[in-house]
Amino acid sequence: MARKTGSRRTAKRKKKNAGKWFICIFLELVIILTLVVVIGWDYGVEAWMQELNEPAVRELDISGINSPNAILIQARSGKVLGEINGEERIYPASLTKMMTAVVAIENLKDLETGITLNQEMFAGLYERDATQAGFQPGETVRAIDLLYGVMLPSGAECCIALAEYISGSEAAFVQLMNEKAKKLKMDQTHFCDSTGLHDPEHYSTVHDMAVLLKYCLKNETFREIIESSWHSTGVTNIHPDGITYYSTMFKNLSDSTVTEGKILGGKTGFTEDAGYCLASFARVGKREYILVTSGAPESPMHIQDAVMVYNRLGEALQRLKT
């Protein structure tokens, strides 16, 4: 009887250990699948695996540029590699339109929807010398063309048309923008309009703008738009041949290649109070990086700053490889 009892106990232990082993394997699979889904959804599993096989630049000196405010982060992790007055309050100017675009994309049911611009949407834009994409009062434009108009030529009329269509008024849409900023923990940011035209209470930091661009790049539509150097709209009732407009960054960037990589896209901004600003992103090596600068005194110094920093990043990566 003792032998039989011992055998039963051994069998029970084996069964119990097998159960523990199964649970451990199951939990490991859940963790791996979760990582694949989360990381894969944001950046692609293949890109993530490539990053793991390349040395990473942990810190970079970004001093010596023209812009008094700047921050460089790794796009996937958000790790700050270098900054100059990153938490100092700035006026974001047309960098604001990144938030306008992503909030509009997230609230539009159909990007092919036609939106008609009315005369009131243009009120004050000419007087304040706001940049426009070229649409006219009474023109009906596809939502997707307005989004390209927001991001590439920085069209203020496109911002207001989308804002009023989605929320009924620009003020109500700006409330959505501020709610999104709060969700993203952009704690030093407050928007007063959808265009970035100067207002003392319309402010941010280069850190917050980097957080915003990091979030925006997860959206496929936003990413496709910001990576475009030009866009031709569809036919409208006023422009039978459509309108072709160009990225304010790419038209001032003769060569997008940098050491070990390429500048993939960006959004410029300018007002007298803000100076020249740029939120850009680049692939250097096998990773993507985001650089936001503000306050450059002249154009195209903000774009030159980006080229300089990304080249410096590529050179640092080369040193790590040797």
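Okay, so let's go over this structure. (Residues numbered from 1 in each chain as written. Predicted model: local features only at pLDDT ≥ 70, side-chain atom pairs only at ≥ 80, totals over all residues. Heavy atoms only, no water.)

1. A closer look at the pairing of strand S1 (residues 69–74)
No. 1: The element S1 is extensively covered by neighbouring structure, given that six of its six residues are classed as buried.
No. 2: Here S1 shows no split at all, with Asn69, Ile71 and Ile73 on one side and Ala70, Leu72 and Gln74 on the other all buried.
No. 3: Bridge analysis of S1 against strand S10 (residues 287–296) gives six bridges, and the strand direction is antiparallel. When the sheet's bridge partners are listed, Gln74 is paired in S10 with Tyr289.
No. 4: Connecting S1 to the next strand, strand S2 (residues 80–84), in antiparallel fashion are five residues, including Gly78 with a positive phi near 80°. (Buried < 20%, exposed > 50% of the residue type's maximum accessible area, 1.4 Å probe, protein only. Helix = DSSP H or I, 4+ residues; strand = E, 2+ residues; numbered from the N terminus. Pairing = 2+ DSSP bridges.)

2. Here's the deal with the pattern of salt bridges
No. 1: Taken as a whole and assessed by the stated rule, the structure comprises nine salt bridges.
No. 2: One salt bridge in this structure joins Lys321 and Glu54, with 3.6 Å as the shortest N-O distance. Here Lys321, found in helix H9 (residues 301–321), pairs with Glu54, found in the loop between helix H2 (45–52) and S1; they are 267 residues apart in sequence, far enough to count as distant.
No. 3: The buried category is assigned to Glu54, whose relative accessible area is 7%.
No. 4: The salt bridge partner of Arg142 is Asp145, with a shortest N-O separation of 3.0 Å. (Salt bridge = Lys/Arg side-chain N within 4 Å of Asp/Glu carboxyl O.)

3. Notes on the pairing of S10
No. 1: With nine of 10 residues buried, S10 lies mostly within the body of the structure.
No. 2: In textbook terms, the turn of a hairpin is the stretch between consecutive antiparallel strands, and for strand S9 (residues 275–284) and S10 this stretch comprises two residues, one of which, Gly285, has a positive phi near 70°.

4. Examining helix H4 (residues 143–151)
No. 1: Across the nine residues that make up H4, a large majority, nine, are buried.
No. 2: Taken residue by residue, H4 has Ala143, Ile144, Asp145, Leu146, Leu147, Tyr148, Gly149, Val150 and Met151 as its buried positions.

5. Some points on the layout of surface pockets
No. 1: Considered as a void within the structure, the largest pocket measures approximately 520 Å³ in volume.
No. 2: The wall of the largest pocket is formed by 26 residues, among which Ser94, Asp129, Thr131, Phe270 and Thr271 lie closest to the centre.
No. 3: At the level of elements, strand S8 (261–271) and H9 are the ones that each hand at least two residues to the lining of the largest pocket.
No. 4: The dominant element in the lining of the largest pocket, judged by the number of residues it contributes, is S8, at five residues.
No. 5: Of the residues that constitute the lining of the largest pocket, the class distribution is seven nonpolar, 13 polar and six charged. (1 Å grid on protein atoms, 1.4 Å probe; cavity = no way out; pocket = protein on both sides within 12 Å on 5 of 7 lines; lining within 4 Å. Points joined across faces, edges and corners; volume = space filled by probe spheres on them. Nonpolar A, V, L, I, M, F, W, Y, C, P; charged D, E, K, R; others polar.)

6. Brief notes about the environment of Ala93
No. 1: Inspection of the secondary structure assignment puts Ala93 in the loop between S2 and helix H3 (96–107).
No. 2: In this view, Ala93 contacts Thr195, Gly196, Gly269, Phe270, Thr271 and Ala274; residues no more than four positions away in its chain are not counted. (Contact = heavy atoms within 4.5 Å.)

7. So, the sheet that holds S8
Whether parallel or antiparallel, the strands of a sheet pair through hydrogen bonds between backbone atoms.
No. 1: In space, the six strands of this open sheet follow the order S2-S1-S10-S9-S8-S7, with antiparallel pairing throughout. Unpaired on one side and paired on the other, S2 and strand S7 (257–258) mark the two borders of the sheet.
No. 2: Sheet analysis places S8 next to S9, joined by 10 bridges and oriented antiparallel. Its bridge partner lying in S9, Lys267 is registered against Ala279.
No. 3: Along the sheet, helix H7 (residues 206–216) contacts S1, S9 and S10; its crossing angle with S10, the most-contacted strand, is approximately 145°. (Axes fitted to C-alpha atoms, helices over the stretch in contact; angles between N-to-C directions.)

8. Observations concerning the packing of H3 against helix H5 (residues 156–167)
No. 1: Here H3 crosses H5 at 35°, and the two axes come no closer than 10 Å. Where H3 crosses over H5, the handedness of that crossing is left-handed. On the side of H3, the interface is formed by Lys97, Thr100, Ala104 and Asn107, while H5 contributes Ala156, Cys159, Leu162 and Ile166.
No. 2: By residue class, the composition of the contact of H3 with H5 is five nonpolar, two polar and one charged. (Left-handed = near helix turned anticlockwise from the far one by under 90°.)

9. Let's talk about the side chain of Thr233
No. 1: By secondary structure assignment, the location of Thr233 is in the loop between strand S5 (230–232) and strand S6 (244–246).
No. 2: Here Thr233 falls in the buried class, since its relative accessible area comes to 9%.
No. 3: Within the structure, the side chain of Thr233 is placed 2.8 Å from the backbone nitrogen of Ile243, a separation counted as a polar contact.
No. 4: Leaving out residues up to four positions away in the same chain, Thr233 has contacts with Phe135, Asp145, Gly242, Ile243 and Tyr245. (Polar contact = N/O pair within 3.5 Å; in protein donor to acceptor, adjacent residues only side chain to side chain.)

10. Focus on the nonpolar core
Nonpolar side chains in soluble globular proteins tend to be buried together.
No. 1: Grouped together as the largest cluster of nonpolar side chains are 65 residues, with contacts concentrated most on Met99 and Phe222.
No. 2: Excluding anything up to four places from it in sequence, Phe222 contacts Met98, Ala101, Val102, Ile105, Met151, Leu213, Cys216 and Leu217.
No. 3: Listed in part, the 24 residues of the second largest apolar core include Leu81, Leu253, Val284 and Ala306. (Core = buried A, V, L, I, M, F, W, Y, C linked by side-chain atoms within 4.5 Å.)

11. A short note on helix H6 (residues 170–183)
No. 1: Over its 14 residues, H6 extends 20 Å from the first C-alpha to the last, a length consistent with the 20 Å expected when each residue adds 1.5 Å.
No. 2: Three or more residues of H6 are buried, namely Phe173, Val174, Met177, Lys180 and Ala181. Burial along H6 is one-sided: seen end-on, the buried residues are contained in an arc of 115°. Facing away from the buried side of H6 by more than 90 degrees, the exposed set consists of Ala171, Lys182 and Lys183.
No. 3: On its buried side, H6 packs onto H3, H5 and H7.
No. 4: Within two residues after H6, Lys185 carries a phi angle of roughly 60°, on the positive side. (Expected span 1.5 Å × (residues − 1). Arc of directions from axis to C-beta.)

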